[in-house]
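Letter by letter, the chains look like this.
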Amino acid sequence: MNRTPEEMVREIEILSGQRIADCYQCGCCSAGCPIGTAMEPPPSKAIRLLQLGRVEELLESEGIWLCASCLVCGTRCPRGVDYARIAEACRLLVLRTKRSVVDPDVVVPADLEDVPQQAFIASFRKFSV
Amino acid sequence: MRLLYYPGCTLYSKAQNLDRCGRKTAERLGVTLDELPSWNCCGAIFNTGSDDLAGQVGPVRVLAKASQLGDKLVTLCAACYNVLKRARARLDAPGNKLERQRIVEFLDEKMERDVKVVHYLEVLKQDIGWEAIRSRVVMPLHNLKVASYYGCLMVRPREVLDFDDPDNPMVMDELVATLGGEPVRFEFKTECCGGYLVVNRREVAEGCSMRVVDNARNWGAELIVTTCPLCQYNLEIAQKRGRAEAQIVPVLYFTQLLGLALGLPQKDLGFEDNKLDPVGFLKEKGLL
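Everything numeric here is computed off the predicted structure, so don't read it as measured data. (Residues numbered from 1 in each chain as written. Chains lettered and ligands numbered in written order. Predicted model: local features only at pLDDT ≥ 70, side-chain atom pairs only at ≥ 80, totals over all residues. Heavy atoms only, no water.)

## Focus: the packing of aromatic side chains
Residue and element names in this part refer to chain B.
Argument step 1. Under the criterion given, the structure shown has 7 aromatic pairs over all chains.
Argument step 2. Aromatic pair Tyr-81 and Phe-163: ring centres 5.9 Å apart, planes at 75°, arrangement edge-to-face. In this pair, Tyr-81 sits in helix H3 (residues 78-92) while Phe-163 sits in the loop between helix H7 (158-161) and helix H8 (171-178), placing the two residues 82 residues apart along the sequence. The pair formed by Tyr-81 and Phe-163 is uniform in burial state, with each residue classed as buried. (Phe/Tyr/Trp six-rings, centres within 6.5 Å; stacked < 30°, edge-to-face > 60°. Helix = DSSP H or I, 4+ residues; strand = E, 2+ residues; numbered from the N terminus. Buried < 20%, exposed > 50% of the residue type's maximum accessible area, 1.4 Å probe, protein only.)

## A word on the state of the cysteines
Residue and element names in this part refer to chain B.
Argument step 1. Applying the stated rule across the entire model yields 0 disulfides over all chains.
Argument step 2. Cys-21 carries a free sulfur, and the closest cysteine sulfur to it, the one in Cys-77, is 15 Å from it.
Argument step 3. For Cys-21, a relative accessible area of 0% gives the class buried.
Argument step 4. Cysteine Cys-42 shares no disulfide, and the gap to the nearest cysteine sulfur, in Cys-80, comes to 4.1 Å.
Argument step 5. For Cys-42, a relative accessible area of 3% gives the class buried. (Disulfide = S-S within 2.5 Å.)

## A word on the side chain of Thr-75 of chain B
All names here are of chain B.
Argument step 1. Mapped onto the fold, Thr-75 is located in strand S3 (residues 72-75).
Argument step 2. Thr-75 gets classed as buried once you look at its relative accessible area, which sits at 0%.
Argument step 3. The contacts of Thr-75, once residues within four sequence positions are left out, are Tyr-6, Cys-80, Tyr-81, Leu-84, Val-117, Val-118, His-119 and Tyr-120. (Contact = heavy atoms within 4.5 Å.)

## Comments concerning the interface of chain A and chain B
Argument step 1. Between chain A and chain B, the contact holds 39 residues from the first and 42 residues from the second.
Argument step 2. With both chains or domains summed, chain A and chain B bury close to 3,500 Å², and 58% of this area falls on carbon and sulfur atoms.
Argument step 3. Linking chain A with chain B are 3 salt bridges, by the criterion used here.
Argument step 4. For Arg-96 of chain A, the salt bridge identified is with Asp-51 of chain B, shortest N-O distance 2.9 Å.
Argument step 5. Connecting chain A to chain B are 19 residue pairs in polar contact (both at pLDDT 80 or more).
Argument step 6. Those elements that provide at least two residues to the side of chain A that touches chain B are helix H1 (5-16), helix H5 (72-76), helix H6 (83-95) and helix H7 (117-127) of chain A.
Argument step 7. If you tally residues by element for the side of chain A that touches chain B, the top one is H7 of chain A, at 10 residues. (Buried area = accessible area lost by both parts, 1.4 Å probe. Salt bridge = Lys/Arg side-chain N within 4 Å of Asp/Glu carboxyl O. Polar contact = N/O pair within 3.5 Å; in protein donor to acceptor, adjacent residues only side chain to side chain.)

## A closer look at the domain arrangement of chain A
Residues and elements named next belong to chain A.
Argument step 1. When the domains of chain A are assigned, the result is domain 1 (5-97) and domain 2 (101-129).
Argument step 2. Domain 1 and domain 2 are separated by 23 Å when their C-alpha centres are compared.
Argument step 3. At the interface, 6 residues of domain 1 touch 5 residues of domain 2.
Argument step 4. When the two sides are added together, the surface that domain 1 and domain 2 hide from each other amounts to roughly 560 Å², 63% of it contributed by carbon and sulfur.
Argument step 5. If you look at where domain 1 meets domain 2, you find 1 salt bridge.
Argument step 6. The partner of Glu-88 in a salt bridge is Lys-126, and the shortest N-O contact between them spans 2.4 Å.
Argument step 7. Here domain 1 and domain 2 share 1 residue pair in polar contact (both at pLDDT 80 or more) between them.
Argument step 8. Residues that form the side of domain 1 that touches domain 2 fall into these classes: 3 nonpolar, 1 polar and 2 charged. (Domains from an automatic or database assignment. Nonpolar A, V, L, I, M, F, W, Y, C, P; charged D, E, K, R; others polar.)

## A closer look at the sheet that holds strand S6 (residues 182-183) of chain B
Residues and elements named next belong to chain B.
Argument step 1. In spatial order, the strands read S6-S5-S7-S8; together these 4 strands make up an open sheet with parallel pairing. In this open sheet, the two strands that pair with only one neighbour each are S6 and strand S8 (251-253).
Argument step 2. Of the pairings in the sheet, the one linking strand S7 (residues 223-226) to S8 comprises 3 bridges and is parallel in character. Across the sheet, Ile-224 pairs through a bridge with Val-251, a residue of S8. (Pairing = 2+ DSSP bridges.)

In structure tokens, the structure reads:
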């Protein structure tokens, strides 16, 4: 990739349509996130990493893959920042290096038999190349 | 009244009870849902990447198909409603003229007009009306405390969906009251069930779902109703795996509850497809 952190943050801003500098770290998003403590980093911390130029750290994190796109974070943000779109932009940067996080070929054990199609399609669209 | 109807992928297989009860209850209420011919999957989740045009093709094609037959498209699945409505909004956004042109030109189907995407709950409230529905209730849901669970997809993003009060939607609660039941107030009516995380992180999704169920139960709910096959699955399976039978709160699609109150025969209600069998509970309540 060989891009500077500044270039990558800019790309995330373009892909997400959000301005990273708009966040003033009130933490409303992280407080409301239903995934809660399982998401590391939580939304506000993830945005802070981008503000500090620590892009690789965020792209390597598990947190961006634990978003269910429920949009509570963006709905409650007093600055109008939509973290779900930022997380999606981060995932796209990773997925576009041909790295899947959910592999459709290995993900279907017997206990997923009853899972509705909708869940598979959504999961593969968000987490697979 | 005839309305154009988009079932979507899951309603053709795992959520046939949502689909069948939707069509049959509409029939009882004087509305025919005409299925959109040769429809395709909406994509199940909305892609937000600004350059991700491929993700828009599916839902936009559905809108284009529908535009040749009508100006309104009814959905029963909360996810289809969410995706189609957001695709519509993205297509119409003033800054997206070029994107719209590229997608529309890519499709074989001509976009004849701007189709409005509506949910069956909106049809019930606005086109049919609570009074007309009340007059057709043959099995009032007396003494039944029902928590209406809307989840995320019906209400967010608020500026696009504009469905109801995004923090405290009431349409389904109004329906429950119309059917003679007692709507239960609870805080988690728009909290996430964990959604598609159930595919690869089941424990995370189950945690989300149990919080919703416990919250509804703490406020006295005896039954939960949903609009989404994935919410339905998550709320049922989390309880099935993690709860003793005595603590289980049955979960129905809102169309199943409506069908019950309108007196649909039991074979049309599709309880055999529910993961938590509600029949014993409904008999106990004198509703079956």
